[in-house]
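So you can see what is in the structure, the chains are spelled out below.
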Amino acid sequence: VLNGLQLVKEALVEHGENFAVRPTKYFHILFFKGLFGSNGYQWKQQRRFALSTLRNFGLGKRSLESQIQVECRFLNDVIDKSQEKVQAEIDQVLGSSRLATMADRANMPYTDAVIHEIQRMGNIVPLNLVRLTTKDTTLRGYTIPKGTMVMATLHSVLFDETEWETPFTFNPGHFLDAEGKFRRRDAFLPFSAGKRVCLGEQLARMELFLFFTSLLQRFTFSPPPGVEPTLESKVGVTHSPKPYKLCAVPR
Ligand code: HEM
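These lines cover the structure that appears in this document, whether it is placed above or below. (Residues numbered from 1 in each chain as written. Predicted model: local features only at pLDDT ≥ 70, side-chain atom pairs only at ≥ 80, totals over all residues. Heavy atoms only, no water.)

A short note on the overall build of the protein chain
Here is step 1 of the chain: Looking only at helices and strands, one finds 9 helices and 8 strands in the protein chain.
Here is step 2 of the chain: For the protein chain, the accessible area works out to roughly 14500 Å², and carbon and sulfur atoms hold 58% of it.
Here is step 3 of the chain: Positive and negative side-chain charges of the protein chain, numbering 32 and 25 respectively, have mean locations separated by a distance of 9 Å. (Helix = DSSP H or I, 4+ residues; strand = E, 2+ residues; numbered from the N terminus. Areas by Shrake-Rupley, 256 points an atom, 1.4 Å probe, with all protein chains shown as cover. Lys, Arg positive; Asp, Glu negative; His and termini not counted. Charge placed at Lys NZ, Arg CZ, Asp CG, Glu CD.)

Here's the deal with the pattern of salt bridges
Here is step 1 of the chain: In the structure shown here, the tally under the stated rule is 9 salt bridges.
Here is step 2 of the chain: The residue D91 makes a salt bridge to R251 at a minimum N-O spacing of 2.7 Å. Taken together, the positions of D91 in helix α6 (residues 84-93) and R251 in the segment after β8 (247-250) put the pair 160 residues apart, joining distant regions of the chain.
Here is step 3 of the chain: A relative accessible area of 45% means that R251 is categorised as partly exposed.
Here is step 4 of the chain: Linked through salt bridges whose partners overlap, the residues forming this network are E165, R183 and R185. (Salt bridge = Lys/Arg side-chain N within 4 Å of Asp/Glu carboxyl O. Buried < 20%, exposed > 50% of the residue type's maximum accessible area, 1.4 Å probe, protein only.)

Describing the packing of helix α7 (residues 109-122) against helix α9 (residues 201-218)
Here is step 1 of the chain: Direction vectors running N to C along α7 and α9 enclose 120 degrees, while the axes themselves pass 11 Å from each other. Here α7 is positioned oblique relative to α9, judged by the angle of their axes. With respect to the hand of their crossing, α7 and α9 are arranged in right-handed fashion. The segment α7 lies against α9, with T111, V114, I115, H116, I118 and Q119 engaging R205, L208, F209, F212 and T213.
Here is step 2 of the chain: Tallied by class, the residues present in the contact of α7 with α9 amount to 6 nonpolar, 4 polar and 1 charged. (Axes fitted to C-alpha atoms, helices over the stretch in contact; angles between N-to-C directions. Parallel < 35°, antiparallel > 145°, perpendicular 65-115°, else oblique. Left-handed = near helix turned anticlockwise from the far one by under 90°. Contact = heavy atoms within 4.5 Å. Nonpolar A, V, L, I, M, F, W, Y, C, P; charged D, E, K, R; others polar.)

Concerning the coordination of the iron atom of the ligand
Here is step 1 of the chain: A lone protein donor binds the iron atom of the ligand: C198 (SG), at 2.2 Å.
Here is step 2 of the chain: Of note, C198 is situated in the loop between α8 (155-158) and α9. (Donors = N, O, S within 2.8 Å, 3.2 Å for Na, K, Ca; no water.)

Points about the site of the ligand
Here is step 1 of the chain: Inspection of the region around the ligand gives 21 residues, with W43, R47, R131, S192 and C198 positioned closest.
Here is step 2 of the chain: Between the ligand and R22, the relevant distance is 2.7 Å, taken from an oxygen atom to a side-chain nitrogen or oxygen of the residue.
Here is step 3 of the chain: R196 has a polar side-chain atom sitting 2.9 Å from an oxygen atom of the ligand.
Here is step 4 of the chain: Elements with a minimum of two residues in the shell around the ligand: α3 (34-37), α4 (40-56) and α9. (Near = heavy atom within 4 Å. Polar contact = N/O pair within 3.5 Å; in protein donor to acceptor, adjacent residues only side chain to side chain.)

Comments concerning the side chain of H239
Here is step 1 of the chain: Tracing the backbone shows H239 in strand β7 (residues 239-241).
Here is step 2 of the chain: Separated by 2.9 Å, the side chains of H239 and S233 make a polar contact.
Here is step 3 of the chain: When sequence neighbours within four positions are dropped, the list of residues in contact with H239 reads G122, N123, I124, P126, S233 and K234.

A word on the nonpolar core
Here is step 1 of the chain: Within the largest apolar cluster, 38 residues are counted, with the highest numbers of intra-cluster contacts made by L2, F19, L139, F209 and L210.
Here is step 2 of the chain: Looking at this core, the elements that each hand over two or more residues are α1 (5-14), α5 (62-78), α6, α7 and α9. (Core = buried A, V, L, I, M, F, W, Y, C linked by side-chain atoms within 4.5 Å.)

Quick word on the packing of aromatic side chains
Geometry of an aromatic ring pair is reported as the spacing of the ring centres plus the angle between the planes.
Here is step 1 of the chain: Summed over the entire model, instances satisfying the criterion amount to 5 aromatic pairs.
Here is step 2 of the chain: Ring centres of F159 and F168 lie 5.7 Å apart, and the angle between their planes is 15 degrees; this geometry places the pair in the stacked category.
Here is step 3 of the chain: Overall, F159 belongs to the buried group, its relative accessible area being 11%.
Here is step 4 of the chain: By way of ring pairs, the aromatic residues W164, F175, F182 and F188 are connected into one cluster.
Here is step 5 of the chain: The ring of F159 carries the charged tip of R120 above its face, separated from the ring centre by 5.3 Å. (Phe/Tyr/Trp six-rings, centres within 6.5 Å; stacked < 30°, edge-to-face > 60°. Lys NZ or Arg CZ within 6 Å of the ring centre and 35° of its normal.)

Bear in mind that shape data such as this cannot, by itself, settle questions of function.
This is the structure we're talking about:
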């Protein structure tokens, strides 16, 4: 098990080639076949195919952005149509009706910071997906033999006490500089790193920004009266919230 930003980066990025395969048996038991669980030629072909398919659907182009905007509009219609600060920024940059585009993100540093902090604390894939060493590898003086299962845990990076000012407290300031401009953080690795980094990262980031802004543009969210919100969660391969009730009040 590898913990902390420095070690995780050293393994997955600097020695990327040596940690680039999955333990297929383990993955197939978990029903992760296909791209997630394959290696070598088959993985390369599938990854290339998946990427070109995503591009054909418009990834990296405006067309996908507008499809997601349509989804946002539907979602808002279905529901019938640190929040206040995000809404103030939304009102200032977008007004009450224009849907966000990815170009707006640069002018919405606070909103961007909140989304990043939600992802950091959300910690959706805490243990990362398992890798297998492709050859004998030396890491910090320890020899890791070829064929060893390696877990480069993302939980340890997203809550690394040497990287984050308040690792266990929700703090959008982690992603803002003294002037309130957005700042990137090396330890923001919810999508992992290296050769097998999440293939859907770009798509997921686009969806998070467009859905989040469009929802807060139209609604104010709060727990039902008398209910204390909880951060209780279920941990499996992914880390997800337990079912909860939320009121979406049109603005
Ligand atoms: C917030 C949303 C998401 C998070 C946090 C996330 C996170 C991750 C993580 C941690 C991995 C393991 C990478 C590694 O082994 O180092 C992964 C792999 C992967 N993800 Fe995602 N993911 C997200 C959304 C998506 C979406 C939307 C797609 C599809 C469009 C996707 C497709 C994949 C695929 C295909 C892999 C396997 C890549 C490979 O083995 O080469 N993910 N993801």
